[in-house]
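What follows is the residue order along each chain.
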Amino acid sequence: MGVRDALAHLAGGAVAPVFAVAGGGAREAVAELALSPSVELVDSPAAASVLLVAGFLPSDLHTPLAALHDAMPDPRCTVSWPLGSDHGSMPLSSSRLRIGPDDEPVQAVTRAYRALLSGVVATEPPIQPDVDPNPWRGVGPYGQGGRGMTGGTPYGRPMAELGPDRDGLRLDVLPLSIGPFFPRFPAGLILDVVMAGDLVIEGRVADSPFGGGEWRPPVGPFVRALSEPVPVAEIELARARQHLRWASDALITQGLPAFAMRVRRLAVTLTPGHASSVRALSRRLRLLRVPQWSGAGVGRIAPELLTGLALGPVSRAAGLGEDARAADPAYAELGFEPIVARDGDAAARWDVRLAEAAQSLELAARARGQRTGGVGIVEGPRGRLGPDDSPFQRLQSLLPDLLAGLEWGDAVTALASLDLDPEEAGTVAARPSRAEAA
Amino acid sequence: MDYASPPIALIAVGLAMAAGVYLIAVLDRSIAVLVGAGRWTWRGAIVGPIRSAALLLVQRRRTTERPDSPGWTLAPALLTGLAAVALAMVPIGPDMAAADPSTGFVVFSAAIVFVMIAVFLHGWSPNSALAMHGAYRFGAQALSFQIPFLLAMLATALPAESLSIVDIVDAQEPLWNVVRQPLGLPLYLVVGVAVSFWGPLNLPDASDLAGGTSVEDSGVARLLWKSARAAMLVAVAAMGAAGFLGGWWGPWLPGPVWMVIKAVALLTLLLVAGHLLPRVRIQRFVVIAWVILIPLALVNIFVSGALLL
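Residues numbered from 1 in each chain as written. Chains lettered and ligands numbered in written order. Predicted model: local features only at pLDDT ≥ 70, side-chain atom pairs only at ≥ 80, totals over all residues. Heavy atoms only, no water.

1. Concerning the overall build of chain B
Heads up, the rule is: Strands are runs of DSSP state E lasting at least 2 residues, helices are runs of H or I lasting at least 4, and numbering of each runs from the N terminus. Atoms counted for the radius of gyration: C-alpha only. Globule rule: 2.2 Å times residue count to the power 0.38. Buried, partly exposed and exposed residues are distinguished by accessible area as a fraction of the type maximum, computed with a 1.4 Å probe on protein chains only: under 20%, between the cut-offs, and over 50%, respectively. Contacts are assigned to residue pairs with any non-hydrogen atoms lying within 4.5 Å of each other. In these tables, accessible area is a Shrake-Rupley quantity obtained with a 1.4 Å probe, and a residue counts as shielded only by the protein chains included in the view. The charge count treats Lys and Arg as positive and Asp and Glu as negative. His and the chain ends do not count. By convention, the charge on Lys lies at NZ, on Arg at CZ, on Asp at CG and on Glu at CD.
When helices and strands are counted, chain B shows 11 helices and 0 strands. Each helix and strand of chain B, ordered N terminal to C terminal, gives the series α-α-α-α-α-α-α-α-α-α-α. Taking 309 residues into account, the globule formula puts the C-alpha radius of gyration at 19 Å, and chain B, at 19 Å, falls close to it. If you line up chain B on its principal axes, its C-alpha atoms span 60 × 45 × 40 Å. Classification of the 309 residues of chain B by burial places 56% in the buried group. The contacts of chain B with a sequence gap of at least 6 include a subset with a gap of at least 24, amounting to 78%. For chain B, the exposed surface amounts to about 12200 Å²; the carbon and sulfur share of it is 75%. Between the centroid of the 17 positive side chains of chain B and the centroid of its 14 negative side chains there is a distance of 17 Å.

Have a look at this one:
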């Protein structure tokens, strides 16, 4: 056994570094996977040995997925986890490693990783040809000079141009496209920004790729409540769980991945009896100054811009009491009142979501068979949901003004605080066709 | 004091760095498990770091489009070298130092200043937008922490009336600097975390940049960079123990044991803080450094100087 074989054998017992693409209907499953001590979800494909492709991915994302695969170092393998969707047309569909409905996902991923390290599974060749998207016309030893160095897109990358900055100077500005698999954003979210150093000059979020009608999403309690009455307890437990999942993701964004795992564990095992645990968590986060340090004054949206948009915790954090539950007799019986804050910034959204998570658990515990929904509109965890009407679509128009002038870290915090979900747009868009099929 | 012979000094510093880096890996995993309410296992905490290192040794290095390859290769080596120089200046006993030049404080400070070059080079070289942003950030961070860091350190030289680290530790026999200069250690630790870009001040390699300057690293390059960062944290903690916690002074136990205990205690404190305190916004850190830390560091120096008059 050579040194390399010995190292590979030793490495086979390591925590498997996985870059996970959580497509449609897979975010919860992938988040739970991260709780296993045998798997580590890494932020960069350069750090991964396993590419996990879970759930549905629209065809628009297949080419970026291939590029992501090719950005992984050897040895590498792909594990396909369809979760009921069709992976047949994906560029990685030839992968022999697949998690079936009866497989235990952590075991399947670690088995694939060990097979890769031991040589039982060969490393995967690149999917895309290693050629430049645009011909390089540089002349110097580092590609400098020549036509196309300014104003062009050599290698498919826009070059920095001069532009005005906030101090009245003209500095280099660089257009960038972040996503669709940036680890701090949900899969499918593409942020087009123009940056001057660490400063966002312009930013806009592209339309959801999930809205093209290709997808038959799984039906969660909120979508089901659009067309039929659903128990309040079920809806509120799902809302609390979503708020805690959001908190877990936001903690990772703020550099606290270990604390995020604690919150995620709570989200997975959540029951209506956990309201006091959620309140204790909220107190602890305030004690550690997490909302204040990361979000005070960041991503503030004025209430007049939000009026009528019904963006759930985002609206309520700005002092608007817009909540479809307030007009629902089932909730009136339970003594529901919307929770509001004043500041309208990322810190206020932390406060509102954590308070709402505890409130939802208390409502779920008090509910005695009350049902809600069936009227075509429901208060989802991100705001009002209706057929072809999702909070993601309504938020998009606010984002350019919100992002302009923020440091990159604040821009990511601001976007994370909005809990954008491109998948939700596809979920409500697909609803009528599912009804027709029924 | 005589210098140790170069081979022995080299081996001693190398071993100290390797032990420190491994200790950080073990402690960091253990703290992460405790904070995350996971299940701590010997295998995960003790053997896990070795297995993860083995994986990075097996993984092939990948490259990017038109990187600055020499710079990319050099950056982790430079940071490792700077950590080694900084650590070599820290004595663990009155007669146990890899090197104790009369200007040990200056050499340590010079190593800290050059960290900015290593991190900027590491972010610049891959020709990648997120890595470059990490490098920009560290430029702002380093320009802000260097003055308070040096001022906090400089105050420890006043009671010793010497720039030799051994003299600085010797001068703490009657009273440790942590008591004599109560502002010194907190200031040193805050800026020390910034120097080694760890925890709440890991801004160049932050999660909002998907890893920042190390986003494109794989294989051995990733292992070297992670090790170099950890080695720098070891150097910062060891110097903190020597400069503020009385170094080898302590009852009952041999001096070097006290030195190790104090360095590990500071290391643990920094690692725990890394898992509990959120990332500080760069804008806020720059303001805090210039408006609060530098004036406090100056007050610390003036008060220390006045007490000696």
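2. A few points about the packing of aromatic side chains
What counts is decided by this rule: Pairing of aromatic side chains requires ring centres within 6.5 Å, counting the rings of Phe and Tyr and the six-membered ring of Trp. Pairs whose planes differ by under 30 degrees are stacked, by over 60 edge-to-face, and all others tilted. Note on criteria: charge over ring means Lys NZ or Arg CZ within 6 Å of the ring centre, with the direction from the centre no more than 35 degrees off the ring normal.
Under the criterion given, the structure shown has 13 aromatic pairs over all chains. When the centroid spacing of 6.0 Å and the interplanar angle of 35° are considered together, the rings of Phe 197 of chain B and Trp 225 of chain B count as tilted. Remark: Trp 225 of chain B occurs in helix 9 (residues 219-244) and Phe 197 of chain B occurs in the loop between helix 8 (184-195) and helix 9; sequence separation between them is 28 residues. Of the residues examined, Phe 197 of chain B reaches a relative accessible area of 1% and is grouped as buried. Looking at Trp 225 of chain B, the relative accessible area reads 1%, which means it is buried. Site record: aromatic cluster; members linked through ring pairs are Phe 108, Phe 149, Tyr 188 and Phe 244 of chain B. Directly above the ring of Trp 246 of chain A sits Arg 353 of chain A, whose terminal nitrogen or CZ lies 4.4 Å from the centroid. The ring of Trp 72 of chain B has Arg 61 of chain B sitting right over it, with the charged end atom 5.0 Å from the ring centre.

3. Considering empty space enclosed by the protein
Worth spelling out the cut-off: Lining residues are those with an atom within 4 Å of a point, where the points come from a 1 Å grid over the protein atoms alone and group into cavities, where a 1.4 Å probe fits but cannot get out, or pockets, open sets with protein on both sides within 12 Å along at least five of seven lines. Grid points are joined across faces, edges and corners, and a volume is the space filled by probe spheres set on the points. Basically, the charged four are Asp, Glu, Lys and Arg, the nonpolar ten are Ala, Val, Leu, Ile, Met, Phe, Trp, Tyr, Cys and Pro, and anything else, Gly included, counts as polar.
One pass over the structure, following the stated rule, counts 4 cavities of 30 Å³ or more. In this structure, the largest cavity spans a volume of roughly 50 Å³. Looking at the largest cavity, the residues that line it are Glu 407, Gly 409 and Asp 410 of chain A together with Arg 137, Leu 203, Asp 208, Arg 279, Val 280, Arg 281, Ile 282 and Gln 283 of chain B. Among the elements of the structure, helix 16 (408-418) of chain A together with helix 11 (282-308) of chain B are those that each provide at least two residues to the lining of the largest cavity. The class makeup of the residues in the lining of the largest cavity is 3 nonpolar, 2 polar and 6 charged. Taken as a whole, the second largest cavity holds about 50 Å³ of empty space. At the level of secondary structure, the elements contributing two or more residues to the lining of the second largest cavity comprise helix 6 (232-253), helix 13 (346-366) and helix 16 of chain A.

4. A word on the pattern of salt bridges
Residue and element names in this part refer to chain A. The criterion, for reference: For this analysis, a salt bridge means a side-chain nitrogen from Lys or Arg found within 4 Å of a carboxyl oxygen belonging to Asp or Glu.
With the rule as written, the count across this model stands at 28 salt bridges over all chains. Of the charged contacts in the structure, one is a salt bridge between Glu 356 and Arg 316, with a shortest N-O distance of 2.5 Å. One end of the pair, Glu 356, is in helix 13; the other, Arg 316, is in helix 11 (residues 313-317), and 40 residues separate them in sequence. The pair formed by Glu 356 and Arg 316 is uniform in burial state, with each residue classed as buried. Among the ionic contacts, a cluster of salt bridges with common partners joins Glu 236, Arg 239, Arg 316, Asp 323, Arg 325, Glu 356 and Glu 379.

5. Re the packing of helix 5 (residues 129-160) of chain B against helix 8 of chain B
All names here are of chain B. Let me state the cut-off plainly: Axis definition: a line fitted to C-alpha atoms, over the contacting stretch in the case of helices. Angles run 0 to 180 degrees between N-to-C directions. Angles below 35 degrees are treated as roughly parallel, those above 145 as roughly antiparallel, those between 65 and 115 as roughly perpendicular, and all remaining angles as oblique. A crossing counts as left-handed when the near helix is turned anticlockwise from the far one by less than a right angle, and as right-handed when that turn is clockwise.
It is at 9 Å that the axes of helix 5 and helix 8 come closest, and there the two elements cross at 150°. With respect to helix 8, the element helix 5 is oriented roughly antiparallel. Read as a crossing pair, helix 5 and helix 8 show a hand that is left-handed. Contact residues: helix 5 offers Phe 138, Gln 141, Phe 145, Pro 148, Phe 149, Ala 152 and Met 153, while helix 8 offers Gly 184, Leu 187, Tyr 188, Val 191, Gly 192, Ala 194 and Val 195. Class assignment of the residues belonging to the contact of helix 5 with helix 8 gives a composition of 11 nonpolar, 3 polar and no charged.

6. Concerning the sheet that holds strand 3 (residues 50-54) of chain A
Residue and element names in this part refer to chain A. Stated precisely, the cut-off is as follows: Strand pairing is assigned whenever DSSP detects at least two bridges linking the two strands.
In spatial order, the strands read 2-1-3-4; together these 4 strands make up an open sheet with parallel pairing. Edge positions in the sheet fall to strand 2 (39-41) and strand 4 (77-81), since each has one partner strand and no second. On average, adjacent strands in this sheet sit at an angle of 35° to one another, irrespective of strand direction. The pairing of strand 1 (residues 16-22) with strand 3 spans 5 bridges and is parallel. Across the sheet, Phe 19 pairs through a bridge with Leu 51, a residue of strand 3.

7. Thoughts on the sheet that holds strand 5 (residues 161-164) of chain A
Residue and element names in this part refer to chain A. Read from one edge to the other, the open sheet built from 4 strands follows the order 5-6-7-8, with strand pairing classed as antiparallel. The sheet is open, and its two edges are formed by strand 5 and strand 8 (199-205), each paired on a single side. Across the sheet, the axes of successive neighbouring strands diverge by a mean angle of 35°, strand direction being ignored. Packed on one face of the sheet, helix 16 meets strand 6 (170-178), strand 7 (191-196) and strand 8 and runs near 155° to strand 7.

8. A short note on the environment of Leu 266 of chain A
All names here are of chain A. Counting through the fold element by element, Leu 266 comes out in helix 7 (residues 257-268). As for Leu 266 and Glu 202, which are separated by 64 residues in sequence, their C-alpha atoms are 37 Å apart. In contact with Leu 266, other than residues within four places in its own chain, are Leu 244, His 274, Ser 277, Val 278 and Leu 281.

9. Some words on unusual backbone geometry
All names here are of chain A. A cis amide bond links Asp 74 with the next residue in sequence, Pro 75, at an omega value of -5°. Here Pro 75 is to be found in the loop between helix 3 (62-70) and strand 4. Look at the link from Gly 179 to Pro 180: it is a cis peptide, with omega at 5°. Within the chain, Asp 419 stands out as a residue other than glycine whose phi angle is a positive 55°. Position of Asp 419 among the secondary structure elements: in the loop between helix 16 and helix 17 (422-437).

10. Quick look at the confidence of the model for chain A
Just so we agree on the cut-off: pLDDT is defined as a per-residue confidence score from the predictor, taking values between 0 and 100.
On average, residues of chain A carry a pLDDT of 88, and 89% of them reach 70 or more. Ignoring residues within four places in sequence, the model shows residues 432-438 of chain A, a span with pLDDT below 50, making 5 contacts including any to other chains.

11. Focus: the environment of Leu 183 of chain B
Position of Leu 183 of chain B relative to the elements: it lies in the loop between helix 7 (177-180) and helix 8. Considered as a pair, Leu 183 of chain B and Ile 301 of chain B are 118 residues apart in the sequence and their alpha carbons are 9.6 Å apart.

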